Amino acid sequence: FDLEDLEPNCEGCGIHVHAGISCRTHDLVKGHFWTRNIVRDLWTKAGGAVYATDARGYANGNFMNYNGFDIFSNMNHAVVVHAQDG
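Computed from a predicted model, the values in this text were never measured in an experiment.

1. Description of the environment of G86
Residue placement: G86 occurs in the segment after β5 (79-81). Residues G86 and C13, spaced 73 residues apart in sequence, show a C-alpha to C-alpha distance of 7.4 Å.

2. A word on the state of the cysteines
Applying the stated criterion to the full structure yields 1 disulfide. For C10, the disulfide goes to C13, at an S-S distance of 1.5 Å. Linking C10 and C13, the disulfide has an S-S dihedral of approximately -90 degrees and is accordingly described as left-handed. Residue C10 shares its accessibility class with C13, and that shared class is buried. Take C23: it sits in no disulfide, and the sulfur closest to it among the cysteines is that of C13, at 16 Å.

3. Some thoughts on the sheet that holds β5
If you walk across this open sheet you meet the 3 strands as β3-β2-β5, and the pairing is antiparallel. Strand pairing shows two members of the sheet lacking a second neighbour, β3 (50-51) and β5, which therefore form its edges. Looking at chain direction, strand β2 (residues 13-17) and β3 are connected through 2 bridges and run antiparallel. Within β3, the residue paired with G14 across the bridge is V50.

What counts and what doesn't
- Chains are numbered independently. Their residues run from 1 in the order of the written sequence.
- Owing to the predicted nature of the model, reporting of local features is limited to residues with pLDDT of at least 70; listing and counting of side-chain atom pairs is limited to 80 or more, with chain, interface and lining totals taken over all residues.
- Note: side-chain values were computed over all heavy atoms of the structure, leaving out hydrogens and water.
- Here a strand is any run of E in DSSP of at least two residues, a helix any run of H or I of at least four, and the numbering for each starts at the N terminus.
- Cysteine sulfurs are considered disulfide-paired once they come within 2.5 Å of each other.
- Categorising residues by exposure relies on relative accessible area from a 1.4 Å probe, with only protein chains included: less than 20% of the type maximum marks a residue as buried, more than 50% marks it as exposed, and the intermediate range marks it as partly exposed.
- At least two bridges found by DSSP between two strands are what make those strands a pair.

Nothing here speaks to function; it is all geometry.
Structure (structure tokens):
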């Protein structure tokens with residue numbers, strides 16, 4: 001990921017693929033996107049789905065996270081980038 005214009009100095013902030021396909025409303029975002037019968041929810045801090053920003057609100061990096069779906073199934077889902085307060 002390569003993110004900018006975020007909250008400065010955000011440590012351990014979450015970044016997650018969600019089940020919804022729109023961020024227009026909270027109801028459309030839905031919960032974390034993962035297959036309950038194959039894996040546990042890894043869209044968590046413990047699962048490594050976090051980022052940190054510098055003083056300018058910039059973050060880049062990557063993480064590996066298998067949510068039970070292939071890459072094509074993950075496409076077009078809402079990606080939520082949380083601030084420090086969640």
